[in-house]
Amino acid sequence: KGLLAFDTEDEEVFARLQRDKQLFKCAQVITSRNFRFGILTADSGNGKTSFLLAGLLPTLRKRDHNCVYVEFTNRDPVASIRQALSGRLRPDTPPDAALLELLRSAARPEDKEAGPLVLLLDQFEQFFVHRMRKEDREPFIRQMSEWYNGDSETQAKLLISIRSEFRGRLDEVQKAMGCSLGAQQLFDLERFTPEEAAEIFRVLAESAQLECDRGFIEEMTARELASTDDGRISPVDIQILAWMITVQSAGEERAFTRRAFQKI
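A. Structural view of the packing of aromatic side chains. By the definition in use, this model includes 12 aromatic pairs. Judged by centre distance (6.5 Å) and plane angle (70°), the rings of phenylalanine 37 and tyrosine 148 are edge-to-face. Within this pair, whereas phenylalanine 37 is found in strand 1 (residues 37-42), its partner tyrosine 148 is found in helix 7 (residues 134-150), the two being separated by 111 residues in sequence. Its relative accessible area of 3% is what places phenylalanine 37 among the buried residues. Taken together, the ring pairs in this structure connect Phe72, Phe124, Phe127, Phe128 and Phe140 into an aromatic cluster. Here the guanidinium or amino end of arginine 36 rests over the ring plane of tryptophan 147, the centre of that ring lying 4.8 Å away. The positively charged end of arginine 36 is found above the aromatic ring belonging to tyrosine 148, 4.8 Å away from the centroid.

This is how it looks when you write it as structure tokens:
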């Protein structure tokens, strides 16, 4: 898929792309009774959006949680959340409802059989990028605090996904919320080992019905793709190379082999 993220329709193939252990751990924590707020971090290109859309979202829905994906942009964050929840809000929800009221409306506390509401707040770094001044960030942070401290009864849970270099900026949010997270509420998506990357290439080749030389793939991932710093491989590098191979029209280049790699 090149630089495109895996989406919900990619759930089946994503389940084979070496994120299963992290996905299981994350889902176990979020579905636990005491979880309300957590943070997912990773370097740019490490697959946070794919993990959320193709992994965590369908997994949580299978566990009877009402999971909703929210992409943060330059828009007002409450407006983005309101749009993502639009199909779940009660008809009498005010158009200018604050975060707490939106969560109460979407979680439907009167429906005892409905599962908890889980918001996946992706690309949260955009909140800081587009609000350089503290006073511009204060309204939404205040609403986060009002939810976290003022309503423990509503079955709502929030997971923030943010690039690693912005992780420290969340201290401002946590301080205002009075929230101290333990290791169980902090999730970090690491890059892949060469062995994991080789298996990913094998799965991608199989799903595209392309020839795959396993011995060459193992050699290539270790020698060509692995970082000289820590020996690990970025998901985006895997996807770009796979995309370059699969878009070849025909011939020897459209295969996961040494000959194809050298020609490309």
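B. Focus on the sheet that holds strand 3 (residues 117-122). Within the open sheet, the 5 strands sit side by side as 2-3-4-1-5. Their pairing is parallel. The strands lining the two open edges of the sheet, one partner per strand, are strand 2 (66-71) and strand 5 (186-188). Averaged over all neighbouring strand pairs, the angle between strand axes comes to 20°, with direction disregarded. Here strand 1 runs beside strand 4 (residues 156-163); their pairing, made up of 6 bridges, is parallel. Bridging from a neighbouring strand, leucine 40 pairs with serine 161 of strand 4. In the packing of helix 7 onto the sheet, the strands contacted are strand 1 and strand 4, and the crossing angle to strand 4 comes to about 140°. Where helix 8 (residues 170-177) meets the sheet, its contacts fall on strand 1 and strand 4, and the angle it forms with strand 1 comes to roughly 175°.

C. Seen up close, the pattern of salt bridges. Following the criterion strictly, the structure yields 17 salt bridges and no others. Across the pair lysine 1 and aspartate 10 runs a salt bridge whose closest N-O atoms are separated by 2.8 Å. Judged by relative accessible area, lysine 1 falls into the partly exposed class, the value being 38%. Its salt-bridge partner being arginine 142, residue glutamate 146 comes within 3.8 Å of it at the nearest N-O pair. Pair noted here: glutamate 146 and arginine 142 are both in helix 7, with a separation of 4 residues, about one helical turn. The exposure class of arginine 142 is partly exposed, given its relative accessible area of 39%. Salt bridges linked by common partners bring Arg16, Glu199, Arg202, Glu206, Arg214 and Glu218 together as one network.

What counts as what
- Residues numbered from 1 in each chain as written.
- Predicted model: local features only at pLDDT ≥ 70, side-chain atom pairs only at ≥ 80, totals over all residues.
- Heavy atoms only, no water.
- Phe/Tyr/Trp six-rings, centres within 6.5 Å; stacked < 30°, edge-to-face > 60°.
- Helix = DSSP H or I, 4+ residues; strand = E, 2+ residues; numbered from the N terminus.
- Buried < 20%, exposed > 50% of the residue type's maximum accessible area, 1.4 Å probe, protein only.
- Lys NZ or Arg CZ within 6 Å of the ring centre and 35° of its normal.
- Pairing = 2+ DSSP bridges.
- Axes fitted to C-alpha atoms, helices over the stretch in contact; angles between N-to-C directions.
- Contact = heavy atoms within 4.5 Å.
- Salt bridge = Lys/Arg side-chain N within 4 Å of Asp/Glu carboxyl O.

The values are spatial; any link to function lies outside them.
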